[in-house]
Amino acid sequence: MDAMTMMPFAVAGLAFCSVLVASFGVSGYLADRRRVATLKDKVARASGERAPDQGLGLRRIVASLFGRLGERVRPKDEEEVLRNRSALVQAGIRQQHAVMVYWGAKCALMVLGAAVVLGMRLAFGMEAPLGIFLFLGVLAAMMGFYAPSIWLSRRIRARRQEFTNGLPDALDLLVVCVESGLGLSPAL
């Protein structure tokens, strides 16, 4: 084979390699942009700020509805409100209206639980005894009322475990910083 017959194969091979390199470059560039966007979202969520490109999602709409409901049903006793706020802070939830959303969720889930049982009663008709549905309705309402409390206590427990697991690493970093010449305040 002479050089003239090999030329189309060489050009095709070079074109294939250049397309391959270009596609790897573009995919790497897009992956980096996605990674950066993901990191920005994580930082915004961790700092409690709203990312600039986020709109009102379903989560925010539900929280707004629960907040409005919570303003009406929250306990009048300020000590109870302070206990709830303290528990929410221990769970890592520091938003200003978190207590209202918490109480709104308790009330909404209680009503939702009873409504589901009522819907089951209507779906099954009058064949099932009314006493069973009343019992199930009260049970579902109680479960709906206590579900946010159970979730909150589990979240507090998980956050405490995270702190317990992270303490040795934090102390090691503090020791390294102090040993490298930083004072205690800058090391913290």
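These figures come from a predicted structure and were not determined experimentally.

*Asks:* Explain the overall build of the protein chain here, please?
*Replies:* Counting secondary structure elements, the protein chain contains 6 helices and 0 strands. The secondary structure elements of the protein chain, listed N-terminal to C-terminal, are α-α-α-α-α-α. Relative to its full complement of 188 residues, the protein chain shows a buried share of 18%. By sequence separation, contacts in the protein chain at least 24 residues apart represent 59% of the contacts at least 6 residues apart. If you sum the accessible surface of the protein chain, you get close to 14,500 Å²; carbon and sulfur atoms cover 69% of it.

*Asks:* Sorry, what's going on with a nonpolar patch on the surface here?
*Replies:* Together, Leu 109, Leu 112, Val 116, Met 120, Phe 124, Ile 132, Phe 135, Leu 136, Leu 139 and Met 143 line one region of the surface with nonpolar side chains, adding up to about 920 Å² of accessible area. Its location among the elements puts Leu 136 in helix 5 (residues 130-179). Assessed through its relative accessible area of 30%, Leu 136 is described here as partly exposed.

*Asks:* Would you explain the packing of helix 2 (residues 58-73) against helix 4 (residues 98-124) in this entry?
*Replies:* For any two helices packed against each other, one specifies the crossing angle of their axes together with the interaxial distance. As a packed pair, helix 2 and helix 4 sit with axes 6 Å apart at the nearest point and diverge in direction by 90°. The angle between the axes of helix 2 and helix 4 places the two elements in the roughly perpendicular class. In this structure, helix 2 uses Ala 63, Phe 66, Gly 67, Leu 69, Gly 70, Glu 71 and Val 73 to contact helix 4, whose residues at the interface are Met 100, Val 101, Trp 103, Gly 104, Ala 105, Cys 107 and Ala 108. Taken together, the residues of the contact of helix 2 with helix 4 break down into 10 nonpolar, 3 polar and 1 charged.

*Asks:* Help me out: how do you make sense of helix 3 (residues 78-90) in this one?
*Replies:* The terminal C-alpha atoms of helix 3, which comprises 13 residues, lie 18 Å apart, in line with the 18 Å expected from a rise of 1.5 Å per residue. The complete set of buried residues in helix 3 reads Val 81, Asn 84, Ala 87 and Leu 88. The arc enclosing the buried residues of helix 3, seen along the axis, measures out at 125°, which places them on a common side. Helix 3 presents Glu 79 and Leu 82 as exposed residues on the side facing more than 90 degrees away from its buried surface. Here the buried face of helix 3 lies against helix 4 and helix 5. Gly 92 sits one or two positions beyond helix 3 and adopts a positive phi of about 95°.

*Asks:* Sorry, what's going on with the packing of helix 3 against helix 5 here?
*Replies:* Two numbers describe how helix 3 lies on helix 5: the axes approach to 8 Å, and their chain directions differ by 45°. The angle between helix 3 and helix 5 falls in the class oblique. Packed against helix 3, whose contacting residues are Ala 87, Leu 88, Val 89 and Gln 90, the element helix 5 presents Leu 152, Ile 156, Arg 159 and Arg 160 at the interface. For the contact of helix 3 with helix 5, the class distribution of residues is 5 nonpolar, 1 polar and 2 charged.

About the thresholds
Residues numbered from 1 in each chain as written. Predicted model: local features only at pLDDT ≥ 70, side-chain atom pairs only at ≥ 80, totals over all residues. Heavy atoms only, no water. Helix = DSSP H or I, 4+ residues; strand = E, 2+ residues; numbered from the N terminus. Buried < 20%, exposed > 50% of the residue type's maximum accessible area, 1.4 Å probe, protein only. Contact = heavy atoms within 4.5 Å. Areas by Shrake-Rupley, 256 points an atom, 1.4 Å probe, with all protein chains shown as cover. Patch = residues over 30% accessible without salt bridge, like charges linked within 9 Å, V, L, I, M, F, W, Y side chains within 5 Å. Salt bridge = Lys/Arg side-chain N within 4 Å of Asp/Glu carboxyl O. Axes fitted to C-alpha atoms, helices over the stretch in contact; angles between N-to-C directions. Parallel < 35°, antiparallel > 145°, perpendicular 65-115°, else oblique. Nonpolar A, V, L, I, M, F, W, Y, C, P; charged D, E, K, R; others polar. Expected span 1.5 Å × (residues − 1). Arc of directions from axis to C-beta.

Note that all results are geometric; they support no functional claim without further evidence.
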